[in-house]
Amino acid sequence: RLLRQTDYILDARIIVDERTTTDDSLDVIVITKDLFSLGGSGSFTPSSGAGRLTVRELNFLGLGHQPEVTYRFNQNAPRPWEFAGRYSIENIGRSYITADIAYINENYYQEKSAYLHRDFYATNTRYAGAAGISKIEERILLPPNDTDPIPLYGNLGYTRSDAWFGRAFKFKSYNLGYEPRGRMIIGLRAIDTKYDITPTENFQSNQLYLGSIGFNVRKYYKDRYLFGFGRTEDIPAGSIIS
């Protein structure tokens, strides 16, 4: 299931080789059907001379890296070009930790960000979390003024640090031979925002703290022809109370 949920593998199966199986070991054969990982899109408007070109790769050099680049051009805009680039690395060192790096340079929005995150990728995952930082500068529309109906804009710049941590606890099962499906999950999150460019005094640096507790039950069913065309599908089922 973890192989099938990646972006560059369409289907995957694991078969036990019974011919080489011994009392203390076995061999498995992993069969995957990959996707054509290189893709892109584009558009062009002759009347305005504006256009967009996007190129992405889902499995760069066969390593599972995912770069994506978008370039926009418009001769009538305040600046004739815009650029956005992202680079993702999944499952670093087989730890299921993903790294995301982004650089966006648009007319009224600039961003530099880097994040590391590890989700609850399986029903028996105990730890999950994320941490990242982003530097953003943008031009925003200010609230209207009663004495001056003309729209006013201002420059806003801030640095945001975001981190969260989750821990899943399983309950003891009295049904011998079966793993309990239910998990209690506790999560904490902290967001720190520091402004260095403010158009008015309404923007103040702040810290936000969040917490959650919940109970989750999830299992998966294998099916075909439900959402796809014959490939193996892992359908989640369950419930959550938080």
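Notes on the structure in this doc start here. Keep in mind that this is a model prediction, so the values were computed, not measured. In this convention, every chain numbers its residues from 1, walking through the sequence in written order. The predicted origin of the model limits local features to residues at a pLDDT of at least 70 and limits the giving and counting of side-chain atom pairs to 80 or more, whereas totals for whole chains, interfaces and linings rest on all residues. Calculation of side-chain values draws on the structure's entire complement of heavy atoms; hydrogens and water are dropped beforehand.

What follows covers the overall build of the chain. Here a strand is any run of E in DSSP of at least two residues, a helix any run of H or I of at least four, and the numbering for each starts at the N terminus. Summing up its helical and strand segments, the chain has zero helices and 13 strands in all. Here the globule rule is a power law, 2.2 Å times the number of residues to the power 0.38, and the radius of gyration is based on C-alpha atoms. Over its C-alpha atoms the chain spans a radius of gyration of 24 Å, topping by over 25% the 18 Å that the globule rule assigns to 242 residues. Its C-alpha atoms give the chain principal-axis dimensions of about 80 × 45 × 35 Å. Exposed residues in this analysis have more than 50% of their type's maximum accessible area, buried residues have under 20%, and partly exposed residues fall in between, with area computed by a 1.4 Å probe over protein chains only. Every one of the 242 residues in the chain was classed for burial, and the buried ones make up 25%. When checking whether two residues touch, look at their non-hydrogen atoms; a contact exists if any pair is within 4.5 Å. Look at the contacts in the chain between residues 6 or more apart in sequence, and 39% of them connect residues 24 or more apart.

Moving on: the environment of R19. Looking at where R19 falls in the secondary structure, it is placed in the loop between β1 (9–17) and β2 (27–34). Using a relative accessible area of 75% as the deciding quantity, one classes R19 as exposed. Whenever two N or O atoms come within 3.5 Å, that pair is a polar contact, provided that in protein one can donate a hydrogen and the other can accept it, and provided that, for residues adjacent in sequence, both atoms are side-chain atoms. Here the side chain of R19 touches D17 through a polar contact of 3.1 Å, side chain to side chain.

Residue placement: Y8 occurs in the segment before β1. Classification of Y8 by relative accessible area gives buried; the value is 18%. Linking Y8 and E57, residues 49 residues apart in sequence, is a C-alpha distance of 9.3 Å. Y8 has contacts with D34, L35, L58, N59, G64, Q66 and E90, leaving out every residue within four places of it along the chain.

Glancing now at the pattern of salt bridges. Take a side-chain nitrogen of Lys or Arg and a carboxyl oxygen of Asp or Glu: if they are within 4 Å of each other, that pair is a salt bridge. On inspection of all chains with the given rule, the structure shows four salt bridges. A salt bridge links R19 to D17; the nearest nitrogen and oxygen atoms lie 3.1 Å apart. On the basis of relative accessibility, which here comes to 13%, the residue D17 falls in the buried class.

Further remarks concern the packing of aromatic side chains. In this description, a pair of aromatic rings is defined by centroid distance and the angle of the planes. Within 6.5 Å between ring centres, the rings of Phe, Tyr and Trp (the latter by its six-membered ring) count as paired, and their orientation is classed by plane angle as stacked under 30 degrees, edge-to-face over 60, tilted in between. Inspection of the entire model under this criterion finds eight aromatic pairs. With a centroid separation of 3.9 Å and an interplanar angle of 15 degrees, the aromatic rings of Y96 and Y121 are classed as stacked. Of this pair, Y96 sits in the loop between β6 (81–89) and β7 (98–105) while Y121 sits in the loop between β8 (109–118) and β9 (127–141); the two residues are 25 residues apart in sequence, bridging distant segments of the chain. With a relative accessible area of 31%, Y96 lands in the partly exposed category. Pairwise contacts between aromatic rings join F44, Y71 and F73 into one cluster. Throughout this description, the term charge over a ring refers to an Arg CZ or Lys NZ atom that lies within 6 Å of the ring centre and within 35 degrees of the ring normal. One cation-aromatic arrangement involves R1 over Y220; the distance from NZ or CZ to the ring centre is 4.0 Å.

We now examine the pairing of β9. Think of it this way: DSSP has to see at least two bridges between two strands before they count as a pair. For β8 and β9, the ladder comprises 10 bridges, and the chain directions are antiparallel. Bridge pairing in β9 links K112 to K135. As paired elements, β9 and strand β10 (residues 153–170) share 15 bridges and run antiparallel to each other. Note on β10: the bridge partner recorded for I140 is G154.

The next point concerns the sheet that holds β7. Read from one edge of the open sheet, 11 strands run β3-β4-β5-β6-β7-β8-β9-β10-β11-β12-β13, paired in antiparallel fashion. The two strands at the open ends of the sheet, each matched to only one other strand, are β3 (38–45) and β13 (233–241). This sheet shows a mean twist of 15 degrees between the axes of neighbouring strands, independent of strand direction. Interaxial angles span 0 to 180 degrees and are taken between N-to-C directions of axes, which are lines fitted to C-alpha atoms, for helices over the stretch in contact.

Quick look at the side chain of S37 now. The residue S37 is located in the loop between β2 and β3 in this model. On the basis of relative accessible area, S37 is assigned to the buried category, the value being 16%. Those residues in contact with S37 that lie beyond four places of it in its chain are R56, E57, L58 and N59.

For the purposes of this section, nonpolar cores are sets of buried Ala, Val, Leu, Ile, Met, Phe, Trp, Tyr and Cys residues that join through side-chain atoms within 4.5 Å. Counting residues in hydrophobic clusters, the biggest one holds five residues: I136, I140, L142, L156 and Y158. For this core, the secondary structure elements donating two or more residues are β9 and β10. If near-sequence neighbours (up to four positions away) are discounted, I140 is found in contact with L152, Y153, G154, L156, P199 and F203.

On to unusual backbone geometry, then. In this structure, N91 takes a positive phi of about 55 degrees despite not being glycine. Mapping N91 onto the fold places it in the loop between β6 and β7. Judged by relative accessible area, N91 falls into the partly exposed class, the value being 33%. One non-glycine residue, R94, lies in positive phi territory at about 60 degrees. Tracing the backbone through its elements, the reader meets R94 in the loop between β6 and β7. Judged by relative accessible area, which is 78%, R94 ranks as exposed.

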